[in-house]
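Descriptive structure summary
Next come the chains, spelled out residue by residue.
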Amino acid sequence: MTAMLEMQNVSKSFAGVQALRDVNFSVQAGQIHALVGENGAGKSTLMKVLSGVYPAGSYEGTIVFEGEERRFRDINDSEALGIIIIHQELALIPLMSIAENIFLSHPPSKFGVIDRDEVYRRTRELLAQVGLRESPDTLITDLGVGKQQLVEIAKALSKRVRMLILDEPTASLNEADSAALLERLMAFREQGIGSILISHKLNEVAKVADHITVLRDGRTVDSIDCRAEPIQEDRIIRSMVNRDMAHRFPERSVTIGEPVLDVANWSVYHPIHPERQVIKNVNFGVRRGEVVGIAGLMGAGRTEFAMSLFGRSWGTNISGSIKLEGREIALPSVAAAIDAGLAYVTEDRKQLGLILADDVRKNITLASLDQVAPGRVIDDIAELKVASDYRNRMRIRCSDVYQETGQLSGGNQQKVVLSKWLMTDPKVLILDEPTRGIDVGAKYEIYCIINELAEAGRGVVVISSEMPELLGICDRICVMNDGAFVGEFKGAEATQEKIMRAIMRNERSNSVPEAAEMGGSQP
Amino acid sequence: MTDKTVSLPEERRHGSFIKNNLRNYGMLISLIAIMLFFQVMTGGTLLQPLNLTNLVLQNSYIVIMALGMLLVIVTGHIDLSVGSVAGFIGAVAALLMVTYKVDYTLAFIACLALGAAIGAAQGYWVAYFKIPSFIVTLAGMLVFKGLALAVLQGQSLGPFPPTFQKLSSGFIPELLPEAGTLHPTSMLIGAVLALGLVYASAKGRSREQSHGIEVEPYAFFLGKSILLACAVLYFTYLIASHRGLPNVLVIMTALIALYGFVTRRTVIGRQIYAVGGNAKAASLSGIKTERLTFLTFVNMGVLAALAGLVFAARLNTATPKAGLGFELDVIAACFIGGASAYGGVGRVGGAVVGAMIMGVMNNGMSILGIGIDYQQVIKGLVLLGAVCIDVYNQRR
């Protein structure tokens, strides 16, 4: 079988930095080709070369697509041939409908007037094709991230697509949505569409990929034909980081002490729909030195629970009691929560965690300025020392602490956020998706930091949608579904199946009482 | 932890140092270039002592308001009402002092308090009700323009008590024997200021050095200090050879120093920038974002009131047209000075330089006899150009 796409000896450098060196990469029709590698390994650069973002002439090497050498001047050239790239950050317009978004750039029209019947007809077709049951009129803002991702794919399919490039498509999806998306990919394979899947999630890659190429430092370091040989995650990780990681999760000596946080009968209502109870009278506790995981599907209420605890920064009509080190306290504001010794590392570090335009130093000290500002005047030298200290301790890779955080990689940004919260010297740290979108090496470092925190006697709560991660680092895992805890497992006893079963059993039992009620109303 | 140690190149090269600083000082260099241009074009009139004093007096109220506007813009908002508020406060001041013969100190304080109340009223809607500041202050602009007319009943009101006039038209009293045309007290203050600035920056530099912090190259520092001292001395010399330091210049300098300090070195200043940079992240870091936004508007109200008083004292009469269009010059000054319309970025020094660029251009073009029509065209283009250059620089 001849390759649909053949990229030969591609090299590209930016101002002296070699981003790609002699990369060879080929994709066959009807193949799902996974491209893996640490952040900065050159995956995105390679895809930008392929899609014409970097025009012909700005790189070395050749691109052969469907038998001809191609020299793309820009992204329109590659799109015209059916090479469609879906970026990690979704590019949909929130206040427009699904149909308007799909046909944004090329609506079917007659004499310049948009043919609405045709738009709706084709939108329905496309939505059916990607398996999204929504009206074409639904606004994007009313859809969850998973469904938005499907709209992006429908949008790609509205053009003539021969090759689909997906950059971390499941990074912000929960397990169920990810599975649905991957199933779509497999359906496209049957239609002869070639797919390139960039992903950090090796279990997904293992599930769908026909071929895996591993990039490291701009070079192809491994190429695995999954049909011919079994996939070994360890081998992939080893080639990615060039480090034999016997364990993906660091060891820790566990010493669990007194309860440090105790939440009882906690109940929260939705801020916009105040009749909806989002957190349903839950009890939750963490002990000193303990790492507690909260598992659950997206929308289970995990983030809402954490934020409502953290100075009531989410929800209305909040009730229940919080005990910190045995003393009952009220946390009416974020400042009060921080003072009491609570820290919450947000799920979305760019939107909620960092001030991207500010430097590393200012971000680290933001939540505890008082420590470096006697009399409300900032002692810039004390501040610099603290920031440099955290930079060394957390191994934040930056040119100096005056570098803008927006320029750092995801893993280093996350370390800046962690530094900010460590500086507040919290008794309990809640980490919401602490490793989302960061590469394997940086993940390992974050796990090490979590271990150090626990060893120092702090209580750590980790909210994560990646079950292997929770299984790897937690002493105890609580399963949340639909605003309540529906299961709890000791770290050693928990398995992905048990967690999933707890969620699914609850999903079922949720629907049972309704049926029972209906039955009961009939005499 | 992994046993891989991370060593990073620590050295910052001279080239990048100059490049970074060029960005910081870019507008200052533009100001100097513009001043030189007009100095040549006007045949030396621009920097004549009399004209320079006038330049200061003419622009003092823009500079004062630019300080408040900078904070508002840094939080990611805008205040369109400042011109109207300044005009309205001038009218109230006239009503109190001229019509009701209220003591000028009392009237002065009452006017500042009224300014604070106006700022609070507008800030309340913006901060706590999340109504876009553009709309709230557009409403405020109409309301206070109307109220100024109502208070004055469409007439001009004056003159003000002589002591009050001194706010704008007065000069600091001469304590030393006169030396020809030169005012020695003013000259002395200028010299002390120049020495103080150089001393402070030398001390700061050696303090940083003793803590092992990388500092600017010595030659760079020396050159900068000499230039700064010379500029201050030359400027005071010119001013001192007319009638000495105007009172309003003293107020202005004190305010610039105060706001410079607050924005760079205090917790509240840092928090204001954090709110503008990312309000959600700031709020989740325990910063009371709403209260800070509210306070920046209160502060703006007070400074708009002060500017209104200065302007009224300068004209020695309150007119319904006072303050018309000031907001545009003030906002332009902030943006020319490098503030970002998205919030989180902007420096006090920049806003002051921006205000001076506008002032020098107004003054220079008037001397050259360019009509008010083309003056506006040129100012508009300069605003656009300055912001374009800034955006371009940030992309690099």
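Residues numbered from 1 in each chain as written. Chains lettered and ligands numbered in written order. Predicted model: local features only at pLDDT ≥ 70, side-chain atom pairs only at ≥ 80, totals over all residues.

The name an unreviewed UniProt entry gives chain B is Xylose transport system permease protein XylH, with Bradyrhizobium huanghuaihaiense as the organism. UniProt lists a comment for chain B under the heading Subcellular location (unreviewed entry), and it reads "Cell membrane". One UniProt comment on chain B, placed under Function (unreviewed entry), says "Part of the binding-protein-dependent transport system for D-xylose. Probably responsible for the translocation of the substrate across the membrane." (UniProt positions renumbered as here; feature names shortened; annotations may be inferred.)

Per an unreviewed UniProt entry, chain A carries the name Multiple monosaccharide ABC transporter ATP-binding protein and comes from Bradyrhizobium huanghuaihaiense. Per its UniProt entry, chain A bears the Subcellular location (unreviewed entry) comment "Cell membrane". In its Function (unreviewed entry) section, the UniProt record describing chain A reads: "Involved in beta-(1-->2)glucan export. Transmembrane domains (TMD) form a pore in the inner membrane and the ATP-binding domain (NBD) is responsible for energy generation."

Here we come to the domain arrangement of chain A. Parsing chain A into structural domains produces domain 1 (3–240), domain 2 (249–341 + 426–511) and domain 3 (350–425). Relative placement of domain 1 of chain A and domain 3 of chain A: their C-alpha centres are 35 Å apart. (Domains from an automatic or database assignment.)

On the side of chain B, 24 residues touch chain A, which itself brings 30 residues to the contact. Of all the elements in the fold, those that place two or more residues in the side of chain A that touches chain B are helix H10 (334–340), helix H11 (349–353), helix H13 (380–393) and helix H15 (440–455) of chain A. For the side of chain A that touches chain B, the class distribution of residues is 18 nonpolar, 5 polar and 7 charged. (Contact = placed C-beta atoms within 7 Å. Helix = DSSP H or I, 4+ residues; strand = E, 2+ residues; numbered from the N terminus. Nonpolar A, V, L, I, M, F, W, Y, C, P; charged D, E, K, R; others polar.)

Take the confidence of the model for chain A next. Mean pLDDT for chain A: 86, with 93% of residues reaching 70 or above. Every residue in residues 511–523 of chain A is under pLDDT 50, and counting partners more than four places away or in other chains gives 0 contacts. (pLDDT = per-residue confidence, 0-100.)

All names here are of chain B. Here Val-352 lies in helix H14 (residues 348–368). As a C-alpha pair, Val-352 and Ile-336 span 16 residues in sequence and 9.7 Å in three-dimensional space. Leaving out residues up to four positions away in the same chain, Val-352 has contacts with Val-63, Ala-66 and Ile-256.

So, about the sheet that holds strand E16 (residues 316–324) of chain A. Where strands meet in a sheet, backbone hydrogen bonds hold them as pairs that are either parallel or antiparallel. Residues and elements named next belong to chain A. If you walk across this open sheet you meet the 4 strands as E14-E13-E16-E17, and the pairing is antiparallel. Two strands close off the open sheet at either side, each with one partner strand: strand E14 (277–287) and strand E17 (327–329). Averaged over all pairs of adjacent strands, the angle between strand axes in this sheet comes to 10°, irrespective of strand direction. Direction of pairing for strand E13 (residues 259–269) relative to E14: antiparallel, over a ladder of 7 bridges. Within E14, the residue paired with Leu-261 across the bridge is Val-286. (Pairing = 2+ DSSP bridges. Axes fitted to C-alpha atoms, helices over the stretch in contact; angles between N-to-C directions.)

All names here are of chain B. Met-65, Ala-66, Met-69, Leu-70, Leu-309 and Cys-334 are the most contacted members of the largest nonpolar core, which has 253 residues in total. If one sorts the elements of this core by residue count, helix H12 (residues 289–315) sits on top with 16 residues. Apart from residues lying up to four places away in sequence, Leu-309 is in contact with Ile-89, Gly-90, Ala-93, Phe-108, Cys-111 and Leu-167. (Core = buried A, V, L, I, M, F, W, Y, C linked by C-beta atoms within 7 Å. Buried ≥ 20, exposed ≤ 12 C-beta atoms within 10 Å, placed from the backbone.)

With that out of the way, let us pick up the sheet that holds strand E15 (residues 291–295) of chain A. All names here are of chain A. Strand order in this open sheet of 6 strands is E18-E19-E20-E15-E21-E22, and the pairing throughout is mixed. Of all the strands in the sheet, just strand E18 (342–345) and strand E22 (484–490) have a single pairing partner and so form its edges. For this sheet, the mean angle separating the axes of adjacent strands, direction not counted, is 20°. By the bridge criterion, 4 bridges tie E15 to strand E21 (residues 476–481) in an arrangement that is parallel. Residue pairing in the sheet places Ile-294 in a bridge with Cys-478 of E21. On the sheet, H15 packs against E15, strand E19 (428–432) and strand E20 (459–463) and is oriented at approximately 150° with respect to E20.

Residues and elements named next belong to chain B. Under the 1.5 Å per step criterion, the end-to-end length of helix H5 (residues 133–152) is 28 Å for 20 residues, consistent within 8% with the ideal 28 Å. Of the residues making up H5, those classed as buried are Ser-133, Val-136, Thr-137, Gly-140, Phe-144, Lys-145, Ala-148, Val-151 and Leu-152. One side of H5 carries all its buried residues, which in axial view fall inside an arc of 160°. Seen from the open side of H5, the exposed residues pointing more than 90 degrees away from its buried face are Ile-135 and Ala-150. Buried positions along H5 lie against helix H3 (82–99) and helix H4 (104–128). (Expected span 1.5 Å × (residues − 1). Arc of directions from axis to C-beta.)

This part covers the domain arrangement of chain B. Taken domain by domain, chain B holds domain 1 (50–170 + 267–395) and domain 2 (177–245). Taking the mean C-alpha position of each, domain 1 of chain B and domain 2 of chain B sit 29 Å from one another.

All names here are of chain B. Viewed as axis vectors pointing N to C, helix H7 (residues 184–210) and helix H8 (residues 218–240) meet at an angle of 165°, and their least axial separation amounts to 8 Å. It follows from the interaxial angle that H7 and H8 lie roughly antiparallel. When you trace H7 past H8, the crossing you get is right-handed. Seen from H7, the contacting residues are Ser-186, Met-187, Gly-190, Ala-191, Leu-193, Ala-194, Leu-197, Val-198, Ser-201 and Arg-205; seen from H8, they are Phe-221, Ser-225, Leu-228, Ala-229, Val-232, Leu-233, Thr-236, Tyr-237, Ile-239 and Ala-240. Counted by class, the contact of H7 with H8 contains 14 nonpolar, 5 polar and 1 charged residues. (Parallel < 35°, antiparallel > 145°, perpendicular 65-115°, else oblique. Left-handed = near helix turned anticlockwise from the far one by under 90°.)

Residue and element names in this part refer to chain B. Where H3 contacts helix H13 (residues 326–336), the two axes come as close as 6 Å, and the packing angle between them is 130°. One element, H3, and the other, H13, form an angle in the oblique class. Side by side, H3 and H13 meet where Val-82, Gly-83 and Ala-86 of the first sit next to Phe-326, Glu-327 and Val-330 of the second. Of the residues in the contact of H3 with H13, the class split is 4 nonpolar, 1 polar and 1 charged.

We now examine H13 of chain B. Residues and elements named next belong to chain B. Within H13, 10 of the 11 residues are buried, which leaves it mostly tucked inside the rest of the structure. Considered for burial, the residues of H13 that qualify are Phe-326, Glu-327, Asp-329, Val-330, Ile-331, Ala-332, Ala-333, Cys-334, Phe-335 and Ile-336. Just past H13, the residue Gly-338 takes up positive phi, approximately 95°.

In this section: the pairing of strand E10 (residues 194–198) of chain A. All names here are of chain A. Counting buried residues in E10 gives 5 out of 5 residues, a clear majority hidden from the surface. The side-chain alternation of E10 yields two buried faces, one formed by Gly-194, Ile-196 and Ile-198 and the other by Ser-195 and Leu-197. With 5 bridges joining them, strand E9 (residues 163–167) and E10 adopt parallel strand pairing. When the bridges of E10 are listed, Ile-165 appears paired with Ile-196.

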